[in-house]
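Structural description and commentary
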Amino acid sequence: MTSVTAHEAHGGHEAHPDLRVWGLLTFLISESLMFGGFFATYLFFRGTTEVWPPEGTEVELFVPAINTAILLSSSVVIHFGDMAIKRGNVWGMRIWYFLTAIMGAVFLAGQVYEYQNLGYGLTTNVFANCFYIMTGFHGLHVFIGLLLILGVLWRSRRSGHYSATKHTGIEMAEIYWHFVDIIWIVLFTLVYLLNLL
């Protein structure tokens, strides 16, 4: 229940904040700290290793750059879905969320393709280890976000489940998806772009 509907449900009395959203934000803060630990470890090894990345474990930029464009565009697409439901347009929300789900699935397929063509594995060296842990953990978050989006689409089948005044689940899926995108921007910069310098 959003703050608007909570206000209405209490007959105009002061509404309480939606604790579900605060719970999600608390979870995302904890996940940010975990990713922050990964990034700090990566930067430590990068700064203390003579050749980085070590010979034979270079990264290609083409597929990850396409993946980045897809993931960042999906943030705009999912926001259109949020805007649609706030106008009471359930069908519009479904279309935008379905497109976001496709984009998320394409991102994951691109990541699998990249893994299959790198030529090195998790235990090859410290760079490969950091690379697979960070990108794999992020990929897991994309997969969870994809499940959240599919859950929204599934629940939207019920008439009246989502409306212009009742859409907290949709907003939470969008917030999570934006979080995944922000983490990817940092990861892409550290792992891909900085290694071109």
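Placed above this text is the structure.
Description of the structure in this document. On a predicted model such as this, the values are computed, not experimentally measured, just so you know.

Parameters and conventions
Residues numbered from 1 in each chain as written. Predicted model: local features only at pLDDT ≥ 70, side-chain atom pairs only at ≥ 80, totals over all residues. Heavy atoms only, no water. 1 Å grid on protein atoms, 1.4 Å probe; cavity = no way out; pocket = protein on both sides within 12 Å on 5 of 7 lines; lining within 4 Å. Points joined across faces, edges and corners; volume = space filled by probe spheres on them. Helix = DSSP H or I, 4+ residues; strand = E, 2+ residues; numbered from the N terminus. Buried < 20%, exposed > 50% of the residue type's maximum accessible area, 1.4 Å probe, protein only. Polar contact = N/O pair within 3.5 Å; in protein donor to acceptor, adjacent residues only side chain to side chain. Contact = heavy atoms within 4.5 Å. Expected span 1.5 Å × (residues − 1). Phe/Tyr/Trp six-rings, centres within 6.5 Å; stacked < 30°, edge-to-face > 60°. Lys NZ or Arg CZ within 6 Å of the ring centre and 35° of its normal.

Another point: the layout of surface pockets. Here the second largest pocket is characterised by a volume of approximately 170 Å³. Those elements giving two or more residues to the lining of the second largest pocket turn out to be helix 3 (62-86) and helix 4 (90-116). With 3 residues, helix 3 is the single largest residue contributor to the lining of the second largest pocket.

So, on to the side chain of H161. Here H161 is to be found in the loop between helix 5 (126-155) and helix 6 (168-193). Note on H161: relative accessible area 13%, which makes it buried. For H161, the side chain forms a polar contact with the side chain of R155, separated by 3.2 Å. There is a polar contact of 2.8 Å between the side chain of H161 and the side chain of R158. When residues no more than four places from it in sequence are discounted, the contact partners of H161 are R155 and K166.

What follows deals with helix 2 (residues 19-48). In a regular helix each residue adds 1.5 Å, so 30 residues correspond to 44 Å; helix 2 covers 43 Å between its end C-alpha atoms and thus fits that length. The complete set of buried residues in helix 2 reads V21, L24, L28, E31, F35, F39 and Y42. Against helix 5 and helix 6 lie the buried residues of helix 2.

Another aspect to go through is the packing of aromatic side chains. According to the stated counting rule, one finds 22 aromatic pairs in the structure shown. A ring pair is formed by F35 and F137, whose centres lie 5.2 Å apart and whose planes are at 45°; its orientation type is tilted. Linking F35 in helix 2 with F137 in helix 5, this pair joins segments that are 102 residues apart in sequence. The ring centre of W91 lies 4.6 Å from the NZ or CZ of R94, which sits over that ring. Over the ring of W154 we find R157, and its NZ or CZ is 3.6 Å from the ring centre.

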